[in-house]
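The lines below spell out each chain.
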Amino acid sequence: MQNENPEYRVSFFNRVTYSWYSRIIQLGYKKPLEREDLIELNEEDSSSSVIPVFEENWSKESHKQNRKDAGSRKASLVRALWSTFRYSLIQVALMKVVADVLAFTSPQILKKMIAFCEDRSEALSSGYLLALALFGVTILQTILLQLYQRFNMLTAVKIKTAINGIIYKK
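Residues numbered from 1 in each chain as written. Predicted model: local features only at pLDDT ≥ 70, side-chain atom pairs only at ≥ 80, totals over all residues. Heavy atoms only, no water.

### Considerations on the side chain of Lys 158
No. 1: By the secondary structure assignment, Lys 158 is in helix 5 (residues 124-169).
No. 2: Given a relative accessible area of 14%, Lys 158 falls into the buried group.
No. 3: If we skip the residues at most four places from it in the chain, Lys 158 touches Glu 44, Asp 45, Val 50 and Phe 85. (Helix = DSSP H or I, 4+ residues; strand = E, 2+ residues; numbered from the N terminus. Buried < 20%, exposed > 50% of the residue type's maximum accessible area, 1.4 Å probe, protein only. Contact = heavy atoms within 4.5 Å.)

### Thoughts on the nonpolar core
No. 1: Of all hydrophobic cores here, the largest spans 12 residues; its members are Val 92, Met 95, Ala 99, Leu 102, Ile 109, Phe 116, Leu 130, Leu 134, Val 137, Leu 144, Leu 147 and Tyr 148.
No. 2: Breaking this core down by element, the ones donating at least two residues are helix 4 (77-118) and helix 5.
No. 3: Not counting chain neighbours up to four residues away, the residues in contact with Ile 109 comprise Leu 130, Ala 133, Leu 134 and Val 137.
No. 4: Residues Val 50, Phe 54, Leu 81 and Ile 159 belong to the second largest nonpolar core, which totals eight residues. (Core = buried A, V, L, I, M, F, W, Y, C linked by side-chain atoms within 4.5 Å.)

### Quick word on a nonpolar patch on the surface
No. 1: Nonpolar side chains collect at one region of the surface, where Trp 82, Leu 89, Ile 90 and Leu 94 lie side by side and expose about 370 Å² of accessible area between them.
No. 2: Relative to the elements of secondary structure, Leu 89 occurs in helix 4. (Patch = residues over 30% accessible without salt bridge, like charges linked within 9 Å, V, L, I, M, F, W, Y side chains within 5 Å. Areas by Shrake-Rupley, 256 points an atom, 1.4 Å probe, with all protein chains shown as cover. Salt bridge = Lys/Arg side-chain N within 4 Å of Asp/Glu carboxyl O.)

### Brief notes about the side chain of Thr 84
No. 1: Positionally, Thr 84 belongs in helix 4.
No. 2: Overall, the relative accessible area of 16% leaves Thr 84 in the buried class.
No. 3: A polar atom in the side chain of Thr 84 sits 2.8 Å from the side chain of Asn 57.
No. 4: Apart from residues lying up to four places away in sequence, Thr 84 is in contact with Val 53, Phe 54 and Asn 57. (Polar contact = N/O pair within 3.5 Å; in protein donor to acceptor, adjacent residues only side chain to side chain.)

### Here we look at the UniProt feature "transmembrane region" (unreviewed entry) in the chain
No. 1: Within this numbering scheme, the UniProt entry marks residues 126-148 as carrying the feature "transmembrane region" (unreviewed entry).
No. 2: Helix and strand shares over residues 126-148 are 100% and 0% respectively, and the end C-alpha atoms of the span are 32 Å apart. (UniProt positions renumbered as here; feature names shortened; annotations may be inferred.)

### Observations concerning the pattern of salt bridges
No. 1: In total, this model carries six salt bridges according to the counting rule given.
No. 2: Note that Glu 56 is salt-bridged to Lys 60, the shortest N-O span being 3.7 Å. Placement of both Glu 56 and Lys 60 in helix 3 (residues 47-66) is noted, with a separation of four residues, approximately one turn of the helix.
No. 3: Its relative accessible area of 46% is what places Lys 60 among the partly exposed residues.

### Let's talk about helix 4
No. 1: A rise of 1.5 Å per residue sets the reference length of helix 4, with its 42 residues, at 62 Å; its end C-alpha atoms lie 58 Å apart and thus fit the reference within 8%.
No. 2: Of all bends in helix 4, the biggest is about 75°, found at Phe 85.
No. 3: Turning to helix 4, its buried residues are Ala 80, Leu 81, Thr 84, Phe 85, Val 92, Met 95, Ala 99, Leu 102, Ser 106, Ile 109 and Phe 116.
No. 4: Capping the start of helix 4 is the job of one residue whose side-chain oxygen sits 3.3 Å from the backbone nitrogen of Val 78: Ser 76. (Expected span 1.5 Å × (residues − 1). Bend = angle between axes of the 7 residues up to and from the residue.)

### Description of the packing of aromatic side chains
By convention here, two paired aromatic rings are described through the distance between centres and the angle between planes.
No. 1: Tallied over the entire structure, the rule returns one aromatic pair.
No. 2: Seen from their ring centres, Trp 20 and Tyr 21 are 5.4 Å apart, and the 75° between their planes marks the pair as edge-to-face.
No. 3: Looking at Trp 20, the relative accessible area reads 15%, which means it is buried.
No. 4: Residue classification places Tyr 21 among the partly exposed residues on the basis of a relative accessible area of 32%.
No. 5: Over the ring of Tyr 148 we find Lys 96; its NZ or CZ atom is 5.4 Å from the centre of that ring.
No. 6: Sitting over the face of the ring of Phe 151, Arg 150 holds its NZ or CZ atom 5.4 Å from the ring centroid. (Phe/Tyr/Trp six-rings, centres within 6.5 Å; stacked < 30°, edge-to-face > 60°. Lys NZ or Arg CZ within 6 Å of the ring centre and 35° of its normal.)

Now the structure itself:
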C-alpha cells in the first residue's frame, strides 16, 4: 500500500522548500527504495485524470477534420494539447516572466545601493530598506524559479502521459 501524498496538507513554506519530501530522501539514503516506500501520485496528476480530458479534446479536433465543410481543417495535436493544458502552460509562463523581471530588478536595486554608499547625505534607513528590498527580491526570485521548474516538469510529464495514453489506446 502506498503512502498518502502529504504535499497538499503542508504549509506554503514546507511545500516551497520540499521539506515534506525529507522522509523519502532519508529513507532512500538508508536503504534502496521499494514500491511500498513511495507516496501516492496526486489525483490531478494521475494518468486516469489526464488521459480522459486529453482524449475528449483530441476527439473534438478529430471531428473537426471529419466534417466535409469547406472550412474544415486538419486535426492538430498542438491545438488538442493547448485545449487540455493551457492553464498549466500559462501559469508556468507567468512564473517565468515574473522571475525574469525580478532578475532585472536586482541589479537596479544594487545600483541604488552603490549610489547610496557614494552619497553620504541620505538617511541610513534608506540603505537598510534597499538591502531588505534586495534580499526580498532575491528570495522571491528563487522561490518563483523553483516553482517554475517544478510546474514546468509536471506539465511536461502530463503532456507525455496524455500522448502516450492516446497512442496506446489506438
